[in-house]
Structures are given as structure tokens and as C-alpha cells.
Amino acid sequence: MALKDGGIVILDYGSQTAQLIARRVRELNVFAALVPYIYTLDEAREAAPGFRGIILSGGPTSVYEADAPPLPDWVLASRVPVLGICYGMQLLTHRLGGEVAPAARREYGLATVRVERDGGLFGGLDAAQAVWMSHSDHIARPPDGFVVLAATGNAPHAAIADPERGLFGVQFHPEVSHTEHGAAMLRNFVIDVCGASATWTPENLVEVTIEATRRKVGAGRVLLGMSGGVDSSVAGELIHRAVGDQLVPVFVNHGMLRQGEADQVIELGRQLNWRNMTAVDATEDFLGALQGVTDPEDKRMIIGQTFADVFEREASRLGALDWLAQGTIYPDVIESAGTGRPGAKRIKSHHNVGGLPEHLKGRLVEPLRDLFKDEVRRIGALLGIPEAIVWRQPFPGPGLGVRCVGEVTWERLEMLRAADHIFTSELDAAGLLREGTAQAFAVLLPVRSVGVMGDNRTYEEVIALRAVTTSDFMTADWARLDPALLAHISSRIVNEVNGVNRVLYDISSKPPATIEWE
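Residues numbered from 1 in each chain as written. Predicted model: local features only at pLDDT ≥ 70, side-chain atom pairs only at ≥ 80, totals over all residues. Heavy atoms only, no water.

## A look at the nonpolar core
Point 1. Ranked by size, the top nonpolar core spans 107 residues in total, and within it Leu-11, Ile-54, Val-234, Ile-463, Leu-465 and Ile-493 carry the most contacts.
Point 2. Residue contacts for Leu-11: discarding those within four places in its chain leaves Val-35, Pro-36, Tyr-37, Ile-54, Ile-55, Leu-56, Ser-57, Pro-72, Trp-74 and Val-75. (Core = buried A, V, L, I, M, F, W, Y, C linked by side-chain atoms within 4.5 Å. Buried < 20%, exposed > 50% of the residue type's maximum accessible area, 1.4 Å probe, protein only. Contact = heavy atoms within 4.5 Å.)

Right under this line is the structure:
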């Protein structure tokens, strides 16, 4: 099945929301490949065979700067529809002879556009609608042949088009949720203008992924690093359906799991009939390697290396194993700057992206590497993975090791584990663990504070609670939990968790913060 044929190529110019464009297109069941703007036509065709349209992302540069990222010649020569977003619109304008200049007034945040003609982009949408702006340059003069589709009080050319050539530009960001009808605009472009193929469905993904895995693995045996989260569980079941008992799942208990988690993982393997599954308690290996380590990047790399060491040790015990499988997903790769993005900045390393030794990297099986979390969940539900796993809140591979800020010790992990269980169980009881929050957890801080318990002075550890709402995990906002609920949770933690005398609630959004603390 030509699952990727007839999709969309997205040229990445460094926008922080470029990945969201791909996600929005995929929500239309259309394949989208996010590739660097330096790609050649052949490379673009390899990433998205038979692509029907091109989207140019936003970016931090001004098109009139000497070193501004250019528009490849093949984009216009390919004669498929093109949509430029923010910098992409300015780049298209600049290339076609229009004028881009600094705006008299920068525009960041919500704005209202007035639609003057639909041009194929605004068909069926409101005459006035809220959009999200983020720009300091603007279109001073559109290229010849372009008409104005929409305007704001500050941006008279907020959307322009040459419908006959299928060229469109919007100054705002339709990919972000703040743009009222952004999804509909993208649908109008991708489906109606480009005529893209809507074949990127969970059913097709499962079929194609299983077949691709079967071809890649051949007769080899596959060692799966199993955590029990939705990513490794779905990856494991896809591989199991592809190669059966050639799959050897190894659950490594690194001692940094949440309360009761080890038992849940072992039970999952039994439910999925993974007959070769084995469990290893490597707590001492990990805690020994982390002794005295406080830097979060060092932690992640050490945990990744220790995982690899344990897997290799198990491989030698279990006999010939030809492949290492992981539940790596697309956001892991993005945040580790592992996509080859020119100028991309590493936010944080992921243990399963940055911590593997070189000799293992060519023997990896990662069936979910190009998928977002919501796509993984859809596939998991289709495969019959238990709902409690499919909708389990994200948990980092390094586990509580990156929620235990500062040095990781068994005593500190036990405090954190208990506090985290209190927090999440109370949210669950209030019906907020799945519907009200996308991710919620406790963090143990590397500070102590003075307190009073009874008539005695205490000098003990501090717990921070983190709960966020998000639809994509690329941006997030803090959850507005009921103060009475937070007070109850705080009371339980300081009364039930020995060594903790203060509880904080994190009200930071992403950006500027990340969801995890480390």
C-alpha cells in the first residue's frame, strides 16, 4: 500500500510550531513529511512520494537579511500548490518580486482578520475570525498577480493568493489552536486545493508498519526495551504481530518507576501473550551509575547508556538477538534535534535518542519514530491495547530520575513516589486524570525549607506539583485545578510523606518552560 503517496511536503524554516503543521495535516488523514528547507527535490520525493502540495513554515529570520534561508528552485518548478505561513509567506512574496519590510507595529498574539474573498482558502468560513499572529515584518506589496484574501487593522495583506497558480500566503499561524478556524483553512488547502490522498489512517498505518517491520527484521530476533507506557507497548505489539515469538521483550526495572508500575508492566505482557517476555531488576545498576550526578543532561545520557548496557547483558544471556526495538516517537526526536533541522537547538536529550552507543544505532527497530502521541494512541486502541495503557499519561523513559531534581537516591525516590501517587490518585478520584489534565506529576526539588510540625522546627524537602493541559505536547498550559483540591492534596503529602514539609504548584506554561522539569 502506497501509504505516503499523495501527501504534503512541509519545508521547515525553524519555526517552533513547524511540527504542529505536520500534525494538523495528519489529522486530515493525509501524510505530511516535515523536512529541512535544504532538501533537494529528490529528497523531498523520497520523504513524501508523489506529494500534492508544499507548505512553507514560519521561521525566526527576515527574508531581506543576507543569510536568510532561501526558497529552493524546485518548489515553484514542481507546479503543485504552495502555502506559505508567516516567514513562508514572506519568502514566497520576496521570491516572486513583492516587497517585504519591517512593520510599523509588531503583531504578537490574537488578532481579528476580515475575509475579503475566500480564494479557495477561506471557503465556508466566517467573514471575521480570530487568528494568532507572531511577526515583526509584513507584506508591503504583494507580487504581481496576487489578490488580498484577508486583512487586519495592522496587516493589510494578512492573507494573499494567486489562485490560478495555486500559491497562497498567510501572515498568521493556522496550525496553532488559537487560530479559530485554522484546521478548516488547512483542510481547504490540503484537500480541496491540493487534492491530497486521505490514506494516512490507523488501519493503514498498522498494515504498512507490520509489513515494513517484517521485511526489515527478516528471521532475526528483536530485543524490545519495555517500559509499560503506551509507546513501548504499541511498538511491541506491532512488532509481535509482524514477527511473533521473534520478539523478546525485556522489561528493565530501573528503580525509578511510579508506585505499582512494575507489576502493571508484567501483567500487560501476559495479557498480550508475549511469551518471551522477561523482567530484570537493574535498580542497583542505575542508582550506582547516577550516584553524585545532578546535571539533567548527564542523567539522561547515563540512563540511556545504562539501558544499553543492561540490554546487551540480557542479549548475551538470552542468545543471539539481532535487533534492538524502542518506542521512540517523533517528539522525542524533535526535542533532541535529531531531525537534521538546520540551526535546530537541542532542548533536552531523550535517553532513547541520544544515549545509545554507535554500534547499536544501525540495528534499531523503531516503528513509531515518525508518529505523534495521538497517532500512537489511535493505533494502540485499534490493536486492542488495554485502555489503561493507551490513555496512560506520558512518563519519561528515565522515569522519576528526571523528576527527582538534583541527586537521585533511593530515599529521595521513595518520597517522590509516595507524593506522586497521592497527587495522581486524588486527580483520578476527581475525574481529572484523563479529561482534566494531559499530564500530571510530582517533582522533588533539591532544596529544603523550614517548617513547623507540632511545636517542632523542621528542615525538610519540597515537592512541586505539575499539571498541564495540551492537545499536542508541543505547547502546554498549566491546569487550573480547584484550590480546595490542591489544599487537600498538599495536606495529604505533608502528613503522609516523611521528609516533606512544603508543597508548591507549578503555574508555568510551555514555552517558556518545558512540561518536565528536567
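## Topic: the side chain of Glu-314
Point 1. When you line up the elements, Glu-314 lands in helix 10 (residues 296–318).
Point 2. Classification of Glu-314 as buried rests on a relative accessible area of 7%.
Point 3. A distance of 2.7 Å separates the side chain of Glu-314 from the side chain of Arg-317, its partner in a polar contact.
Point 4. Residues contacting Glu-314, with those up to four places away along its chain left out, are Val-250 and Val-280. (Helix = DSSP H or I, 4+ residues; strand = E, 2+ residues; numbered from the N terminus. Polar contact = N/O pair within 3.5 Å; in protein donor to acceptor, adjacent residues only side chain to side chain.)

## Some remarks on the sheet that holds strand 11 (residues 247–253)
Point 1. Strand order in the open sheet made by the five strands is 12-11-10-13-14, with parallel pairing throughout. The strands lining the two open edges of the sheet, one partner per strand, are strand 12 (278–281) and strand 14 (364–365).
Point 2. For strand 10 (residues 222–226) and strand 13 (residues 323–325), the ladder comprises three bridges, and the chain directions are parallel. Residue pairing across strands places Leu-223 opposite Leu-324, the latter belonging to strand 13. (Pairing = 2+ DSSP bridges.)

## Some points on the packing of helix 7 (residues 230–243) against helix 14 (residues 373–383)
Point 1. Where helix 7 meets helix 14, the axes come as close as 10 Å, and the angle between the chain directions of the two elements is 50°. Accordingly, the angle class assigned to the pair helix 7 and helix 14 is oblique. Remark: the crossing between helix 7 and helix 14 carries left-handed chirality. Of the residues in helix 14, those in contact with Val-230, Asp-231, Val-234, Glu-237, Leu-238 and Arg-241 of helix 7 are Lys-373, Val-376, Arg-377, Ile-379, Gly-380 and Leu-383.
Point 2. Among the residues forming the contact of helix 7 with helix 14, the class breakdown is six nonpolar, one polar and five charged. (Axes fitted to C-alpha atoms, helices over the stretch in contact; angles between N-to-C directions. Parallel < 35°, antiparallel > 145°, perpendicular 65-115°, else oblique. Left-handed = near helix turned anticlockwise from the far one by under 90°. Nonpolar A, V, L, I, M, F, W, Y, C, P; charged D, E, K, R; others polar.)

## As for the packing of aromatic side chains
Point 1. Summed over the entire model, instances satisfying the criterion amount to seven aromatic pairs.
Point 2. Aromatic side chains Phe-31 and Trp-200 sit 4.8 Å apart centroid to centroid with 50° between the ring planes, which places their arrangement in the tilted category. Within this pair, whereas Phe-31 is found in the loop between helix 1 (18–26) and strand 2 (32–36), its partner Trp-200 is found in the loop between helix 5 (182–193) and helix 6 (202–217), the two being separated by 169 residues in sequence.
Point 3. Taking relative accessible area as the criterion, Phe-31 reaches 5% and is therefore assigned buried.
Point 4. One aromatic cluster is present, formed by Tyr-13, Tyr-37 and Tyr-87 through successive ring pairs.
Point 5. Sitting above the plane of the Phe-395 ring, Arg-258 keeps its charged end 4.0 Å from the centroid.
Point 6. It is Arg-403 that lies over the ring of Phe-441; its NZ or CZ is 3.9 Å from the centre. (Phe/Tyr/Trp six-rings, centres within 6.5 Å; stacked < 30°, edge-to-face > 60°. Lys NZ or Arg CZ within 6 Å of the ring centre and 35° of its normal.)

## Considerations on unusual backbone geometry
Point 1. Following Lys-510, the chain continues into Pro-511 via a peptide bond in cis, with omega recorded as -15°.
Point 2. Tracing the backbone through its elements, the reader meets Pro-511 in the segment after strand 18 (500–505).
Point 3. A cis amide bond links Pro-511 to the next residue, Pro-512, at an omega of 10°.
Point 4. If you trace the backbone, Pro-512 turns up in the segment after strand 18.
Point 5. In this structure, Cys-86 takes a positive phi of about 55° despite not being glycine.
Point 6. Residue classification places Cys-86 among the buried positions, given a relative accessible area of 5%.

## Regarding the pairing of strand 5 (residues 99–115)
Point 1. Examined bridge by bridge, strand 5 and strand 6 (residues 128–141) share twelve bridges and lie antiparallel to one another. Bridging across to strand 6, Gly-109 finds its partner in Met-133.
Point 2. As defined by bridge partners, strand 5 adjoins strand 7 (residues 147–151) across two bridges and the pair is classed as antiparallel. By the bridge assignment for strand 7, Val-115 is matched with Ala-150.

## Some remarks on the sheet that holds strand 6
Point 1. Read across the sheet, nine strands follow the order 2-1-3-4-9-8-7-5-6 without closing on themselves; strand pairing throughout is mixed. Either end of the sheet is taken by a strand with one partner, and the two such strands are strand 2 and strand 6. Sheet twist, expressed as the mean angle between neighbouring strand axes with direction ignored, is 20°.
Point 2. Across the sheet, helix 1 touches strand 1 (8–12), strand 2, strand 3 (53–56) and strand 4 (82–85), and the angle it forms with strand 2 is around 160°.
Point 3. Across the face of the sheet, helix 4 (residues 87–95) comes into contact with strand 3, strand 4, strand 5, strand 6, strand 8 (159–162) and strand 9 (167–170) while running at roughly 40° to strand 6.

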